[in-house]
Amino acid sequence: MKTLIRRLAAVLTAALLCFNLYYELAPGCVVRPEQKFAFAAAFVVLLWFALFYGVPGGAREKRRHDYVLLLFWYYLWVLANVLFFDNAFGRGLSMHATFERVNLEPFRTIRNYLIAYDYGNISLRPVILNLLGNLVAFAPMGVFLPALFRWQRSIFFFTATLTLGITAVEVAQVYTGAGSCDVDDLILNLAGALIVFVFCRITPIWKHLCRVNPRK
């Protein structure tokens, strides 16, 4: 019975993933952030049942790495979609560089959003989506990178990797016309990831992360 439940969960996971891909990329479909979280939560739960339900403790240890790796790939797909293709965020590749949308002045965009909200020119929702959203976007990296890659457990290498990666994303968004290149995005993205990394590092969570890919 437990094997049947695991297989059913595996089928449902694959079906959910296919539907998620279609729904996100279908022309004219707009998937709100709340729906994205619902898809992600369902994927996490179904994948857990597919890999762990009714499995003995020893076997679970061997599957832990596969579980985290699959979640990591799913997160990368969601992140790439939000950054380059998502209709909900006005994305779309035009292959026309828009260099007028480059901001290299730190905290300029953050300040402009707060001033605009203070004067009542925009509602709270775009402020949350743009500021808090950028803070959260790369935050899961603070879990996935040190869990999967032992060399990423150094805060120096972790910070360097994310700084280079986020900068590459910002430049790619300009060259593909999918967004702007903003130093404030880099600041918020990196800050969110570092907050999660440091929190995990100083709590018992770190021990569990290291068990995903233990030192030989």
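Quick caveat: nothing in here was measured; it's all calculated off a predicted structure.

Undergrad: Please set out a nonpolar patch on the surface residue by residue, giving values where relevant.
TA: On the surface, Phe 149, Trp 151, Ile 155, Phe 156, Phe 157, Val 198 and Ile 202 cluster together into a nonpolar patch covering about 730 Å² of accessible area. The dominant element in the nonpolar patch, judged by the number of residues it contributes, is helix 7 (residues 155–176), at 3 residues. The class for Ile 202 is exposed, based on a relative accessible area of 66%.

Undergrad: Could you give an account of the packing of aromatic side chains, with specific residues and numbers?
TA: In this structure the tally under the stated criterion is 17 aromatic pairs. Aromatic side chains Phe 72 and Phe 144 sit 5.4 Å apart centroid to centroid with 50 degrees between the ring planes, which places their arrangement in the tilted category. Of this pair, Phe 72 sits in helix 3 (residues 57–85) while Phe 144 sits in helix 6 (residues 141–148), and the two are 72 residues apart along the sequence. Both residues of the pair, Phe 72 and Phe 144, count as buried. Put simply, the rings of Trp 48, Phe 49, Phe 52, Tyr 53 and Tyr 67 touch in pairs and so form one group of aromatic residues.

Undergrad: An account of helix 3 is requested, with residue identities and associated values reported.
TA: Its 29 residues give helix 3 an end-to-end C-alpha distance of 40 Å, which sits within 8% of 42 Å, the value for a rise of 1.5 Å per residue. Considering bend angle alone, the principal kink of helix 3 is centred on Arg 63 and spans about 40 degrees. Packed against the buried residues of helix 3 are helix 1 (2–25), helix 2 (33–52), helix 5 (124–137), helix 6, helix 7 and helix 9 (205–212).

Undergrad: Would you mind going over the nonpolar core in detail, with residue names and values included?
TA: Counting residues in hydrophobic clusters, the biggest one holds 36 residues, and the most contacted among them are Phe 72, Tyr 75, Phe 138, Met 141 and Leu 162. Put simply, the parts of the chain that give this core at least two residues each are helix 2, helix 3, helix 6, helix 7, helix 8 (183–201) and helix 9. Of the residues forming this core, the biggest block, 10 residues, is contributed by helix 3. Non-local contacts of Phe 138, meaning those with residues more than four positions away in its chain, are made with Tyr 75, Leu 79, Leu 83, Leu 162, Ile 166, Asn 189 and Ala 193.

Definitions and limits used
- Residues numbered from 1 in each chain as written.
- Predicted model: local features only at pLDDT ≥ 70, side-chain atom pairs only at ≥ 80, totals over all residues.
- Heavy atoms only, no water.
- Patch = residues over 30% accessible without salt bridge, like charges linked within 9 Å, V, L, I, M, F, W, Y side chains within 5 Å.
- Areas by Shrake-Rupley, 256 points an atom, 1.4 Å probe, with all protein chains shown as cover.
- Salt bridge = Lys/Arg side-chain N within 4 Å of Asp/Glu carboxyl O.
- Helix = DSSP H or I, 4+ residues; strand = E, 2+ residues; numbered from the N terminus.
- Buried < 20%, exposed > 50% of the residue type's maximum accessible area, 1.4 Å probe, protein only.
- Phe/Tyr/Trp six-rings, centres within 6.5 Å; stacked < 30°, edge-to-face > 60°.
- Expected span 1.5 Å × (residues − 1).
- Bend = angle between axes of the 7 residues up to and from the residue.
- Contact = heavy atoms within 4.5 Å.
- Core = buried A, V, L, I, M, F, W, Y, C linked by side-chain atoms within 4.5 Å.

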